[in-house]
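# Secondary and tertiary structure notes
The lines below spell out each chain.
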Amino acid sequence: MEKEADIGKKDLRALEYNDMEALILGMGEKKFRAGQIYDWLHKKQAGSYDEMTNVPVALKNSLSGEYDIYPVEINRVQESAVDGTRKYLFELGDGNLVESVFMVYEHGNSVCISTQVGCRMGCRFCASTIDGMVRNLTAGEMLAQVYGIMKETGKRISNVVTMGSGEPLDNYDELLKFLRMLTDGRGLNISGRNVTVSTCGLVPRIYELADENLTITLAISLHGSSDEKRRALMPIANKYSLAELMEACRYYFDRTGRRLTFEYSLVRGVNDRASDVDELVKLLRGLNCHVNLIPVNPVRERSYVQSTKQALLSFKNKLEKNHINVTIRREMGRDIDGACGQLRRRVISESY
Ligand code: SAH
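The structure presented is a predicted model; accordingly, all values stated were derived computationally and were not measured. (Residues numbered from 1 in each chain as written. Predicted model: local features only at pLDDT ≥ 70, side-chain atom pairs only at ≥ 80, totals over all residues. Heavy atoms only, no water.)

### A short note on the domain arrangement of the protein chain
The criterion, for reference: Domains are outlined according to an automatic or database domain assignment. The contact rule is simple, with two residues in contact once any of their heavy atoms fall within 4.5 Å. When two components associate, each loses some accessible surface as probed by a 1.4 Å sphere; the sum of these losses over both components is called the buried area. Here a salt bridge means any side-chain nitrogen of Lys or Arg lying within 4 Å of a carboxyl oxygen belonging to Asp or Glu. Whenever two N or O atoms come within 3.5 Å, that pair is a polar contact, provided that in protein one can donate a hydrogen and the other can accept it, and provided that, for residues adjacent in sequence, both atoms are side-chain atoms.
Per the domain assignment, the segments making up the protein chain are domain 1 (10-68) and domain 2 (72-351). Computed over C-alpha atoms, the centres of domain 1 and domain 2 are 32 Å apart. Listed by partner, the interface residues are 11 residues for domain 1 and 19 residues for domain 2. Summing both sides of the interface, domain 1 and domain 2 together bury roughly 1,300 Å²; the carbon and sulfur share of this comes to 50%. The largest share of the area that domain 1 buries against domain 2 comes from Arg13, Glu16 and Gln45, three residues that together contribute 43% of it. Run the count over domain 1 and domain 2 and you get one salt bridge. With its nearest N and O atoms 2.9 Å apart, the salt bridge here joins Glu16 to Arg180. Where domain 1 meets domain 2, there are seven residue pairs in polar contact (both at pLDDT 80 or more).

Have a look at this one:
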């Protein structure tokens, strides 16, 4: 099912405005054409050249020699009977599949997008990583997930998170373009404050991101309060120590003033004991942060089990007692293959 990612042409939707302008001027065209095309792609969310009715055919023809608008088509949608969460499987131009999720919260609608087909980070509890990384998505393919969901639901989107498949900071350049275009007034104009980038902790990239002058929230997938525990769940912890990661987090906060989020998926008997929370309290002391506790979502291919409700609540209480902001992530769409990568895996295996 997964074909080679051999897309000869570049993705027109992945061009930032300035690059679009340079391209159009370079073709000897008038500057306003760049604005028209950008508007078609990112305001009107056109998926083809044909829709761009006020752009001359000759210009479209010469553009299409080098640039495609990479297709990101809805392959299937599942709606949760429990909470209205909608899970999308998008098919890309090369036949690859990625997942995205639409969630309704009190403060607005949120979309969770994928940044790569698969993932190479190898976190033990995560379904996205089981077959490794197939390819990076372009910024355009990331945007098109948001656009496609807007179109299908007819709803406004106010929040975007990169918690689908892939490690966003492992696809850094396209991620940055995506973030700038998503928050650009020439496109959806989503407030940077409503965008969250989640990472398993690629330390050098966290430093880089801190210096990009963005207002986004950084979420760190922590999942363990010591090197030993993180290493048991996340191979990336062998590369960067917890001390190095926390130092990078402090730098991020100092540079951006943005409160950090730490994600902590509770796995029964692995990281949910009293000693784990004590260690976590020590680790986070003095840091302006928020902890998001996630009951681990069981993945068919893995044997991890969720913590008991009691363990979850006592973990939360202990953090609160120590004045650490904490929430328990609502388990959304559990009835629709909620955990990252599960829908895609099921559909791929069905088709064999
Ligand atoms: N690569 C990014 C985005 C991953 S998905 C990252 O590591 O942050 C977003 C979050 O869901 C991460 O914290 C990830 O560790 C977590 N996650 C993945 N699979 C999970 C599962 N089966 N149960 C609970 N959390 C999971």
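### Observations regarding the sheet that holds strand 10 (residues 195-199)
This is how the line gets drawn: By this definition, two strands are paired if DSSP reports at least two bridges between them. Where helices and strands are cited, they refer to DSSP runs of H or I of at least four residues and of E of at least two residues respectively, numbered from the N terminus. Each axis is a line fitted through C-alpha atoms, taken for helices only over the stretch in contact, and angles between the N-to-C directions span 0 to 180 degrees.
Taken in spatial order, the 10 strands line up as 3-4-5-6-9-10-11-12-13-14 in an open sheet, and their pairing is mixed. Two strands bound the open sheet, and with one partner strand each, they are strand 3 (72-79) and strand 14 (325-328). For this sheet, the mean angle separating the axes of adjacent strands, direction not counted, is 20°. Sheet topology note: the strand 12 (residues 260-266)/strand 13 (residues 289-295) ladder contains seven bridges and is parallel. The residue of strand 13 that forms the bridge with Tyr264 is Leu293.

### Concerning the site of the ligand
Operational definition: Any residue with a non-hydrogen atom lying within 4 Å of a molecule or strand is treated as near it. Each accessible area is a Shrake-Rupley result for a 1.4 Å probe, and residues are judged covered by the shown protein chains and nothing else. Lys, Arg, Asp and Glu make up the charged group, whereas Ala, Val, Leu, Ile, Met, Phe, Trp, Tyr, Cys and Pro make up the nonpolar group; the residues left over, Gly among them, are polar.
The full set close to the ligand counts 21 residues, and Ser198, Ser221, His223, Ser265 and Asn297 are the nearest of them. Interatomic distance of 3.0 Å between a side-chain N/O atom of Glu167 and a nitrogen atom of the ligand. Note that an oxygen atom of the ligand is positioned 2.7 Å from one of the side-chain N or O atoms of His223. Across the complex, the protein chains shield 95% of the 530 Å² of accessible surface that the ligand would expose by itself. Those elements that provide at least two residues to the shell around the ligand are strand 10 and strand 12. Taken together, the residues of the shell around the ligand sort by class into 10 nonpolar, nine polar and two charged.

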